[in-house]
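Next come the chains, spelled out residue by residue.
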Amino acid sequence: MANCCDMQEGDLFVCEVCGLELTVKKACACNTDAPEKCTVPLQCCNQDMKKKG
């Protein structure tokens, strides 16, 4: 499961169903320890996207 607070600049994520690829251009600035941290996973075709490579 890929959450934005775990993504780093240059990471590539792919949808294993349709092949959509997304590259992280700027890392998330949310604090992973804060209660307001991002918690929604990156999804496409109703499945979590996977980090490629």
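Residues numbered from 1 in each chain as written. Predicted model: local features only at pLDDT ≥ 70, side-chain atom pairs only at ≥ 80, totals over all residues. Heavy atoms only, no water.

**Examining the nonpolar core**
What tends to happen in soluble globular proteins is that the nonpolar side chains get buried as a cluster.
And then number 1: Of all hydrophobic cores here, the largest spans seven residues; its members are Ala2, Met7, Phe13, Cys15, Val24, Cys44 and Met49.
And then number 2: Beyond its immediate sequence surroundings of up to four residues, Met49 is in contact with Ala2, Phe13, Val14, Cys15, Leu20, Leu22, Leu42, Gln43 and Cys44. (Core = buried A, V, L, I, M, F, W, Y, C linked by side-chain atoms within 4.5 Å. Buried < 20%, exposed > 50% of the residue type's maximum accessible area, 1.4 Å probe, protein only. Contact = heavy atoms within 4.5 Å.)

**Concerning the side chain of Asp11**
And then number 1: Residue position: Asp11 is located in the segment before strand S1 (12–14).
And then number 2: One polar contact links Asp11 to Lys51, side chain to side chain, over a distance of 3.5 Å.
And then number 3: Residues within four places of Asp11 in sequence aside, it is in contact with Asp6, Leu22, Thr23, Val24 and Lys51. (Helix = DSSP H or I, 4+ residues; strand = E, 2+ residues; numbered from the N terminus. Polar contact = N/O pair within 3.5 Å; in protein donor to acceptor, adjacent residues only side chain to side chain.)

**A few points about the sheet that holds S1**
And then number 1: The sheet built from three strands is open, its strands ordered S2-S1-S5 with antiparallel pairing. Taken across any chain shown, the strands that pair with only one partner, and hence form the sheet edges, are strand S2 (21–23) and strand S5 (50–51). (Pairing = 2+ DSSP bridges.)

**Focus: the pattern of salt bridges**
And then number 1: Enumeration according to the criterion identifies two salt bridges in this entry.
And then number 2: Here Lys51 ties to Asp11 by a salt bridge, and the two come within 3.5 Å at their closest N and O atoms. One end of the pair, Lys51, is in strand S5; the other, Asp11, is in the segment before S1, and 40 residues separate them in sequence.
And then number 3: Classification of Asp11 as buried rests on a relative accessible area of 11%.
And then number 4: A salt bridge links Lys52 to Glu21, with the shortest nitrogen-to-oxygen separation between them at 2.6 Å. One end of the pair, Lys52, is in the segment after S5; the other, Glu21, is in strand S2, and 31 residues separate them in sequence.
And then number 5: Under the relative-accessibility criterion, Glu21 is labelled partly exposed at 40%. (Salt bridge = Lys/Arg side-chain N within 4 Å of Asp/Glu carboxyl O.)

**Digging into unusual backbone geometry**
And then number 1: Even without being a glycine, Cys45 presents a positive backbone phi close to 50°.
And then number 2: Along the chain, Cys45 falls in the loop between strand S3 (43–44) and strand S4 (47–48).
And then number 3: Phi angles above zero are rare outside glycine, and Asn46 is one such case at about 65°.
And then number 4: Residue position: Asn46 is located in the loop between S3 and S4.
And then number 5: The class of Asn46 is exposed, set by a relative accessible area of 71%.

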